[in-house]
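Single-letter residue listing:
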Amino acid sequence: MVSVLKPGTLKNYFTTERYIKRYLKYKLKTNDVFLKHLSYKFIIDFEQFLRNGKSINRSQPLKNNGVMKHLERLKKMMNLALRLEWIEKDPFVRFSLKFTKHQRAFLSQSELEVLESGKLSKGMHQKTRDVFVFACYTGLAYADAKALNKNNLQIGVDGNKWIYTRRSKTNTAVRVPLLAEAERILKRYKTHPKIDGTEKLLPVYSNQKTNQYLKEIAKEVKIKKQLSFHTARHTFATTITLANGVPIETVSKLLGHTKLSTTQIYARVIDSKISNDIDKLRGKL
């Protein structure tokens, strides 16, 4: 199983393992238990343990979705144990994972324009803003934007430039036509010292620094939203594509989703799109 997990995912599993070890020591006064001893009671007690910030040595308790993520990983391991016949019954059979649904942040058209035109004094902010805006017009996730190189630029069926790549998260093939706004950013960095002489297309900072800089940028240009790199992906799905009449099936392909239901979670129909659609309906009626 380790061989198919991405480093970031593996790190999360190690965090869950660490909490389980703390729980065993804190609650059961032991370092280990047999898998067959895991029961429904074990799970609900572990859940309460995770919700208690002090017991897991955290200044702030884990939020509900953080708790559910740890339990979800444990559930996956128990499903594996069940398939391997290491246990006879699933301790999660009566337990439901209950995630809290959150509205996913995205930039409106006006906010995106403010971000693009805003004056930024620091070079690191300018580069981060450009990479973020590029993702707003391509829908690429952070890891895919960072890995982007000259080989990913191809001529598509329409004779225009496309991005041909694979999602690092799922290894799904992704083909995205290069919009003019995204192409301008690539041209801007073609001879940049960090890019010139390499195969890379964009100067991308680490994920942690990128998200830190985005929060600083939002404050500087007075956008009252908590920006992270993933906000760009939601902006592409909502403001750039769906709001401009691109069918959700096409958006799903552009995002590299294997299921349409995943796209429906990422993208929402915004008020301006509803208004335009109703105007068309009025005309027909």
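Scroll up to find the structure this text is about.
Described in the following lines is the structure provided in the data block. (Residues numbered from 1 in each chain as written. Predicted model: local features only at pLDDT ≥ 70, side-chain atom pairs only at ≥ 80, totals over all residues. Heavy atoms only, no water.)

1. Brief notes about a positive patch on the surface
On the surface, a cluster of positive charge is contributed by Lys 146, Lys 194, Lys 200 and Lys 209. Along the chain, Lys 200 turns up in the loop between helix H7 (180-188) and helix H8 (207-220). (Patch = residues over 30% accessible without salt bridge, like charges linked within 9 Å, V, L, I, M, F, W, Y side chains within 5 Å. Areas by Shrake-Rupley, 256 points an atom, 1.4 Å probe, with all protein chains shown as cover. Salt bridge = Lys/Arg side-chain N within 4 Å of Asp/Glu carboxyl O. Lys, Arg positive; Asp, Glu negative; His and termini not counted. Charge placed at Lys NZ, Arg CZ, Asp CG, Glu CD. Helix = DSSP H or I, 4+ residues; strand = E, 2+ residues; numbered from the N terminus.)

2. A few points about the packing of helix H5 (residues 123-136) against helix H9 (residues 229-241)
Direction vectors running N to C along H5 and H9 enclose 35°, while the axes themselves pass 7 Å from each other. Here the hand of the crossing between H5 and H9 comes out right-handed. Facing H5, whose interface residues are Val 131, Phe 132, Ala 135 and Cys 136, H9 presents Phe 229, Thr 231, Ala 232, Thr 235, Phe 236 and Ile 240. (Axes fitted to C-alpha atoms, helices over the stretch in contact; angles between N-to-C directions. Left-handed = near helix turned anticlockwise from the far one by under 90°. Contact = heavy atoms within 4.5 Å.)

3. Structural notes on the packing of aromatic side chains
Taken as a whole, this structure holds ten aromatic pairs when the rule is applied. Relative to Phe 49, the ring of Tyr 23 has its centre 5.4 Å away and its plane inclined at 65°; by these criteria the two rings are edge-to-face. Here Phe 49 lies in helix H2 (residues 40-51) and Tyr 23 lies in helix H1 (residues 7-27), a separation of 26 residues in the sequence. The two residues Tyr 23 and Phe 49 agree in class, both being buried. Summarising the aromatic geometry, the rings of Tyr 26 and Phe 49 are spaced 5.5 Å apart at their centres and angled 50° between planes, so their arrangement reads as tilted. Of this pair, Tyr 26 sits in helix H1 while Phe 49 sits in helix H2, and the two are 23 residues apart along the sequence. When its relative accessible area of 5% is taken as the criterion, Phe 49 is described as buried. Its guanidinium or amino end placed over the ring of Phe 34, Lys 36 lies 5.9 Å from that ring's centre, counting from NZ or CZ. (Phe/Tyr/Trp six-rings, centres within 6.5 Å; stacked < 30°, edge-to-face > 60°. Buried < 20%, exposed > 50% of the residue type's maximum accessible area, 1.4 Å probe, protein only. Lys NZ or Arg CZ within 6 Å of the ring centre and 35° of its normal.)

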